Amino acid sequence: MRKVLVLFAHPKFEHSEANLALVLAISNLENVEVRDLYELYPEFNISIQAEQEALFEADVIIWQHPFYWYSCPPLMKQWIDIVLEFGWAYGPGGVYLKNKYILNAITSGGTAETYGPDGKNRFTLRELLQPFEQTAKLCHMNYLPVFHVGGTHQISAEKLKSSADKYRDLVIQLRDSVLLDEASLQHFYSKND
Ligand SMILES: Cc1cc2nc3c(=O)[nH]c(=O)nc-3n(C[C@H](O)[C@H](O)[C@H](O)COP(=O)(O)O)c2cc1C
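Values in this document were obtained by computation on a predicted structure and should not be read as measured data.

(A) Broad picture of the pairing of strand E4 (residues 101-107). Counting buried positions over the seven residues of E4 gives seven, a clear majority of the element. Covered by surrounding structure in E4 are Tyr 101, Leu 103, Ala 105 and Thr 107 together with Ile 102, Asn 104 and Ile 106, the residues of both alternating faces. Strand direction decides the pairing type here: strand E3 (residues 60-66) and E4, joined by seven bridges, are parallel. Residue pairing in the sheet places Pro 66 in a bridge with Thr 107 of E4. At this point the chain moves from E3, through helix H4 (residues 74-83), to the parallel E4, and the crossover so formed is right-handed.

Below is the structure:
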């Protein structure tokens, strides 16, 4: 069984609906750790050592966050800036993340249809997430396709429930080493959509 580390960042979690549903769906799963970064570091004073230890233990890492201006909330960016150190995550001797798996799990106000060449957001999520993908690559990790819950402003309770159930299934299957390549993950996402 693999160890899954979910790095979660939401600056207003008390007002969240979508991320709350996702986090609740994966809480209490064996070998799955959820680190709520805004709860741990409300003043942005991230412990590099604690975060690197959590990363070192993990096999699969998930950056879970609402999409904010086509990117992540600021504490997650700060986490990337200071935790992924030169000589540890990349550069000479920077091999501690090598061969781990990583993906984004994102909620967005824009629907899935708005993310593409014909939509108002013009680019696919994969394109917009390229800085994350390249960060993973530089750190010798395997970047997997994004899990996405779109249209959060109008989402029905039923759809949110099915998205949360799917997220739980995803995390379980990543933990149990079933879905560790791009093609099988894309197939999993496309089922029942
Ligand atoms: C500062 C800010 C920036 C946002 N930027 C985007 C964006 O770039 N694209 C988008 O589709 N939605 C955007 N949204 C909408 C959020 O992604 C959406 O409210 C969130 O995913 C809902 O999740 P929650 O219920 O957990 O808060 C933004 C919201 C805020 C507050």
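(B) Layout of the layout of surface pockets. The volume enclosed by the second largest pocket comes to roughly 420 Å³. Class assignment of the residues belonging to the lining of the second largest pocket gives a composition of eight nonpolar, 11 polar and two charged.

(C) Geometry of the site of the ligand. Within the structure, the ligand sits among 17 residues, and His 10, Ser 16, Phe 67, Thr 107 and Tyr 115 are positioned closest to it. In this structure, Tyr 115 approaches the ligand through a side-chain N or O atom, which is 2.7 Å from an oxygen atom. Protein contacts shield 73% of the accessible area of the ligand, which totals 650 Å² for the unbound molecule. Residues belonging to the shell around the ligand are distributed by class as follows: seven nonpolar, nine polar and one charged.

(D) Representation of the environment of Pro 131 in the model. Inspection of the secondary structure puts Pro 131 in helix H6 (residues 130-138). A C-alpha to C-alpha distance of 24 Å links Pro 131 and Phe 13, two positions 118 residues apart in sequence.

(E) Region of the structure containing helix H8 (residues 182-190). Among the residues of H8, Leu 185, Phe 188 and Tyr 189 are the ones counted as buried. Here the buried residues of H8 occupy an arc of 100 degrees about the axis, which is enough to place them on one side. With respect to the buried face of H8, the exposed residues turned more than 90 degrees away are Ala 183 and His 187. Measuring from the backbone nitrogen of Ala 183 back to the side-chain oxygen at the start of H8 gives 3.2 Å, which picks out Asp 181 as the cap.

(F) Region of the structure containing the packing of helix H7 (residues 157-175) against H8. With their axes 11 Å apart at the nearest point, H7 and H8 run at an angle of 160 degrees to one another. It follows from the interaxial angle that H7 and H8 lie roughly antiparallel. Crossing handedness for the pair H7 and H8: right-handed. Here H7 contributes Lys 166, Asp 169, Leu 170 and Gln 173 to the contact with H8, which in turn contributes Leu 185, Phe 188 and Tyr 189. Partitioning the contact of H7 with H8 into residue classes produces four nonpolar, one polar and two charged.

(G) Broad picture of the packing of aromatic side chains. Applying the stated criterion to the full structure yields 11 aromatic pairs. Taking 6.1 Å as the distance between ring centres and 90 degrees as the angle between the ring planes, the aromatic pair formed by Phe 67 and Tyr 70 counts as edge-to-face. Over the face of the ring belonging to Phe 188 we find Lys 166, whose NZ or CZ atom lies 5.2 Å from the ring centre.

(H) Seen up close, the pattern of salt bridges. If you walk through the whole model with that rule in mind, you get eight salt bridges. Between Lys 161 and Asp 165 there is a salt bridge whose closest N-O contact spans 2.9 Å. Taken together, the residues Lys 161 and Asp 165, both in helix H7 and four residues apart, mark about one turn of the helix. Residue classification places Asp 165 among the partly exposed positions, given a relative accessible area of 34%. Within this structure, Lys 3, Glu 33, Arg 35 and Glu 51 form a network of salt bridges that share partners.

Criteria and thresholds
Residues numbered from 1 in each chain as written. Predicted model: local features only at pLDDT ≥ 70, side-chain atom pairs only at ≥ 80, totals over all residues. Heavy atoms only, no water. Buried < 20%, exposed > 50% of the residue type's maximum accessible area, 1.4 Å probe, protein only. Helix = DSSP H or I, 4+ residues; strand = E, 2+ residues; numbered from the N terminus. Pairing = 2+ DSSP bridges. Right-handed = clockwise from strand over helix to strand, strands pointing away. 1 Å grid on protein atoms, 1.4 Å probe; cavity = no way out; pocket = protein on both sides within 12 Å on 5 of 7 lines; lining within 4 Å. Points joined across faces, edges and corners; volume = space filled by probe spheres on them. Nonpolar A, V, L, I, M, F, W, Y, C, P; charged D, E, K, R; others polar. Near = heavy atom within 4 Å. Polar contact = N/O pair within 3.5 Å; in protein donor to acceptor, adjacent residues only side chain to side chain. Areas by Shrake-Rupley, 256 points an atom, 1.4 Å probe, with all protein chains shown as cover. Arc of directions from axis to C-beta. Axes fitted to C-alpha atoms, helices over the stretch in contact; angles between N-to-C directions. Parallel < 35°, antiparallel > 145°, perpendicular 65-115°, else oblique. Left-handed = near helix turned anticlockwise from the far one by under 90°. Contact = heavy atoms within 4.5 Å. Phe/Tyr/Trp six-rings, centres within 6.5 Å; stacked < 30°, edge-to-face > 60°. Lys NZ or Arg CZ within 6 Å of the ring centre and 35° of its normal. Salt bridge = Lys/Arg side-chain N within 4 Å of Asp/Glu carboxyl O.

Fair warning: the whole summary comes from geometry, so function is off the table for now.
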